[in-house]
Amino acid sequence: MPGLVLLGAQWGDEGKGKVTDYLAERASMVVRYQGGNNAGHTVVVGDEEFKLRLIPSGILYPETTCVIGNGVVIDPRVLLKELAYLHEKGVDTSKLRISERAHVIMPYHVLIDTLDEEAKGEQKIGTTKNGIGPCYMDKSARIGIRIADLMDKEEFAQRLQSVLAIKNNLLVKLYGVEAMDFEPLFEEYCGYAEQLRQYVTDTSLLIDNALKAGENVVFEGAQGTLLDLDHGTYPYVTSSNPIASSACVGAGVGPTNITQVLGIVKAYTTRVGEGPFPTELLEETGKALQTKGHEFGTVTGRARRCGWIDMVMLKYAIRLSGITAFALMKLDVLDELPTIKICTHYEMDGQRVEAFPTSLKKLGQCHPVYEELPGWQCDTSKATTFEELPVNAQKYISRIEELSGVPVKIVAVGPKRSETIIREDLL
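The model shown is predicted, which means the values in this text are computed figures rather than measured ones.

Calculation rules
- Residues numbered from 1 in each chain as written.
- Predicted model: local features only at pLDDT ≥ 70, side-chain atom pairs only at ≥ 80, totals over all residues.
- Heavy atoms only, no water.
- Helix = DSSP H or I, 4+ residues; strand = E, 2+ residues; numbered from the N terminus.
- Rg over C-alpha atoms; globule rule 2.2 N^0.38 Å.
- Buried < 20%, exposed > 50% of the residue type's maximum accessible area, 1.4 Å probe, protein only.
- Areas by Shrake-Rupley, 256 points an atom, 1.4 Å probe, with all protein chains shown as cover.
- Pairing = 2+ DSSP bridges.
- Polar contact = N/O pair within 3.5 Å; in protein donor to acceptor, adjacent residues only side chain to side chain.
- Salt bridge = Lys/Arg side-chain N within 4 Å of Asp/Glu carboxyl O.
- Axes fitted to C-alpha atoms, helices over the stretch in contact; angles between N-to-C directions.
- Parallel < 35°, antiparallel > 145°, perpendicular 65-115°, else oblique.
- Left-handed = near helix turned anticlockwise from the far one by under 90°.
- Contact = heavy atoms within 4.5 Å.
- Nonpolar A, V, L, I, M, F, W, Y, C, P; charged D, E, K, R; others polar.
- Core = buried A, V, L, I, M, F, W, Y, C linked by side-chain atoms within 4.5 Å.
- Phe/Tyr/Trp six-rings, centres within 6.5 Å; stacked < 30°, edge-to-face > 60°.
- Expected span 1.5 Å × (residues − 1).
- Arc of directions from axis to C-beta.

Caption draft 1: Broad picture of the overall build of the protein chain. Check the secondary structure of the protein chain and you find 13 helices and 20 strands. For 427 residues, the compact-globule estimate of 2.2 N^0.38 gives 22 Å, and the protein chain sits close to it at 22 Å. Counting only C-alpha atoms and orienting by the principal axes, one finds that the protein chain spans roughly 65 × 50 × 40 Å. The buried share of the protein chain, reckoned over its 427 residues, is 56%. Of the accessible surface of the protein chain, which amounts to about 17,700 Å², a share of 49% is contributed by carbon and sulfur atoms.

Right, dumping it as structure tokens:
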């Protein structure tokens, strides 16, 4: 079964990096298929912590090819900084590959992202201001600059001159800031091109060859289902599509290559930024989850809002991506709670709601209906098998499986590689 898509089943920050790291040891290739450096993955190996933003977590395995696909938008400055960070830690990055078709985040994207978010005032989305959205906008408007363009000095000069005229007009007349000069920008990015050239290739062909050879390929999504541009809590979403079908577009492969979809889900729910959150806990339990779970963004450091696990949301994620298995993360964060709740459905105006609403107004009016389960109130971090978990923890996991109809095949009981229970091998 070569093609496995790994994605977040909630609002992102579910712990995808740890699961990618585990699967990468068994895969020949890990492919990042969307998003940009607004995503952050943290992997703990022994006592060492690795924080990654663009490069797939599989880079920690020297035999695994790691691909940044065409669906990703790349800030060369961030990517080169990340490569230097890995080199300092002694990580071999020679098997990294970058798609020629990926689009480049330029300084004007970052500036416009910042200015636009500030101009929104109370209507702000909560963007990371890394230029992700403006870069995707240029891609759709067909005025973007691709990695392939960056690799050709003459082509890059023509593309940059053309687009800079448009952007400077916008910067000066709309935002009232100074125009950007062509020459220093051109020279700076030509320098980045030379540093990245060794990694650039036709990654669609590379991935296709691996799949045809029967090799295990993991497609890694960033962010999470409810941040999907089309299917998430719009407009409080990201600028790309994290759901499973996007792996085909963002990596350049056909849908028949995908044989498994692994949804990564926390044992509770978190969200960063604005927008409705039906199961949010605004009292001490929410603060306890935030503290014990270290719920602060890898990229931004922003505190994550915390709440109980939400089956309405998870069933929606299953429907959108055809999820075939779950990896349940951070079970240990619930260790001290006397009672644990699962949201089974919503109620709105006295009516039962089982389908996740499109309207944010309606979502904000939904009240979660909970099923209560007794907690286990003991340490789960030393468990290495499902049977070693406390009985009440086993019952909690089994209830999630019953309500969702999806098996939980991986359970994380801590941040380290070793703190992982594998109930069934996926590769």
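Caption draft 2: Spatial organisation of the sheet that holds strand β1 (residues 3-8). Spatially, the 10 strands line up as an open sheet ordered β9-β7-β5-β2-β10-β1-β11-β15-β19-β20, and their pairing is mixed. Two strands in the sheet have a free side with no partner beyond their single neighbour: β9 (200-201) and β20 (420-422). Two strands pair when backbone bridges link them, and strand β15 (residues 325-329) and strand β19 (residues 408-412) are joined in this way by 3 bridges, in the parallel orientation. From the neighbouring strand, Ala327 faces β19, where its bridge partner is Ile410.

Caption draft 3: Highlighting the side chain of Arg271. Counting through the fold element by element, Arg271 comes out in strand β12 (residues 269-271). Only 2.6 Å separates the side chain of Arg271 from the backbone oxygen of Pro276, close enough to count as a polar contact.

Caption draft 4: Quick look at the pattern of salt bridges. Following the criterion strictly, the structure yields 24 salt bridges and no others. Between Glu48 and Lys89 there is a salt bridge, with the nearest N and O atoms lying 3.2 Å from each other. Of this pair, Glu48 sits in strand β4 (residues 48-52) while Lys89 is found in the loop between α2 (76-88) and β7 (96-99), placing the two residues 41 residues apart along the sequence. One salt bridge in this structure joins Glu372 and Lys341, with 3.8 Å as the shortest N-O distance. One end of the pair, Glu372, is in strand β18 (residues 367-374); the other, Lys341, is in strand β16 (residues 339-348), with 31 residues separating them in the sequence.

Caption draft 5: Region of the structure containing the packing of helix α11 (residues 311-321) against helix α13 (residues 391-404). Running from amino to carboxyl end, α11 crosses α13 at an angle of 55 degrees, the nearest separation of the two axes being 10 Å. With respect to each other, α11 and α13 are oriented oblique. By crossing handedness, the relation of α11 to α13 is classed as right-handed. Of the residues in α13, those in contact with Met311, Lys315 and Ile318 of α11 are Ile400, Leu403 and Ser404. Its residues placed into classes, the contact of α11 with α13 shows 4 nonpolar, 1 polar and 1 charged.

Caption draft 6: Highlighting the nonpolar core. Ile207, Phe219, Leu331 and Tyr396 are the most contacted members of the largest nonpolar core, which has 53 residues in total. In terms of residue count, the dominant contributor to this core is α13 (5 residues). Contacts of Phe219, omitting those with residues within four sequence positions, involve Gly3, Leu4, Val5, Leu6, Val31, Tyr33, Ile207, Leu211, Ala247, Ala251, Val253 and Ile258. Ranked by size, the runner-up nonpolar core spans 45 residues in total, among them Ile59, Ile74, Ile98 and Leu185.

Caption draft 7: Up close: the packing of helix α3 (residues 107-120) against helix α4 (residues 132-141). Remark: α3 packs on α4, axes separated minimally by 7 Å, with the N-to-C direction vectors making an angle of 120 degrees. As for the relative orientation of α3 and α4, their crossing is right-handed in sense. The residues of α4 that touch α3, namely those facing Tyr108, His109, Ile112 and Asp113, are Ile132, Pro134, Cys135 and Asp138. Counted by class, the contact of α3 with α4 contains 5 nonpolar, 1 polar and 2 charged residues.

Caption draft 8: Here's a closer look at unusual backbone geometry. Following Tyr234, the chain continues to Pro235 via a peptide bond in cis, the omega torsion being 10 degrees. Its identity as a non-glycine residue notwithstanding, His294 has a phi of 50 degrees, on the positive side. Along the chain, His294 falls in the loop between α10 (284-292) and β13 (305-307).

Caption draft 9: Highlighting the environment of Thr256. Positionally, Thr256 belongs in the loop between α9 (246-251) and β11 (258-266). Assessed through its relative accessible area of 75%, Thr256 is described here as exposed. Thr256 sits 253 residues away from Gly3 along the chain, and the two C-alpha atoms are 8.9 Å apart.

Caption draft 10: Highlighting the packing of aromatic side chains. Within the structure shown, the criterion is met by 6 aromatic pairs. Judged by centre distance (6.0 Å) and plane angle (45 degrees), the rings of Trp376 and Tyr396 are tilted. Within this pair, whereas Trp376 is found in the loop between β18 and α13, its partner Tyr396 is found in helix α13, the two being separated by 20 residues in sequence. Residue Trp376 shares its accessibility class with Tyr396, and that shared class is buried.

Caption draft 11: A look at the environment of Gly15. Along the chain, the position of Gly15 falls in the loop between β1 and α1 (16-24). A relative accessible area of 28% places Gly15 in the partly exposed class. Sequence-wise, Gly15 and Thr42 are 27 residues apart; in three dimensions their C-alpha atoms are separated by 7.6 Å. Gly15 has contacts with Ile264 and Met329, leaving out every residue within four places of it along the chain.

Caption draft 12: Quick look at helix α7 (residues 182-196). Look at α7: 21 Å from first C-alpha to last across 15 residues, which is about the 21 Å you get at 1.5 Å a residue. Listed as buried for α7 are Leu185, Phe186, Tyr189, Cys190, Tyr192, Ala193 and Leu196. Within α7, the buried residues cover an arc of 160 degrees as seen down the axis, which keeps them to one side.

Caption draft 13: How the structure looks around the pairing of β7. Strand direction decides the pairing type here: strand β5 (residues 65-68) and β7, joined by 3 bridges, are parallel. Bridging from a neighbouring strand, Val67 pairs with Arg97 of β7. With 2 bridges joining them, β7 and β9 adopt parallel strand pairing. Each bridged residue has a counterpart across the sheet, and for Ile98 the counterpart in β9 is Val200.

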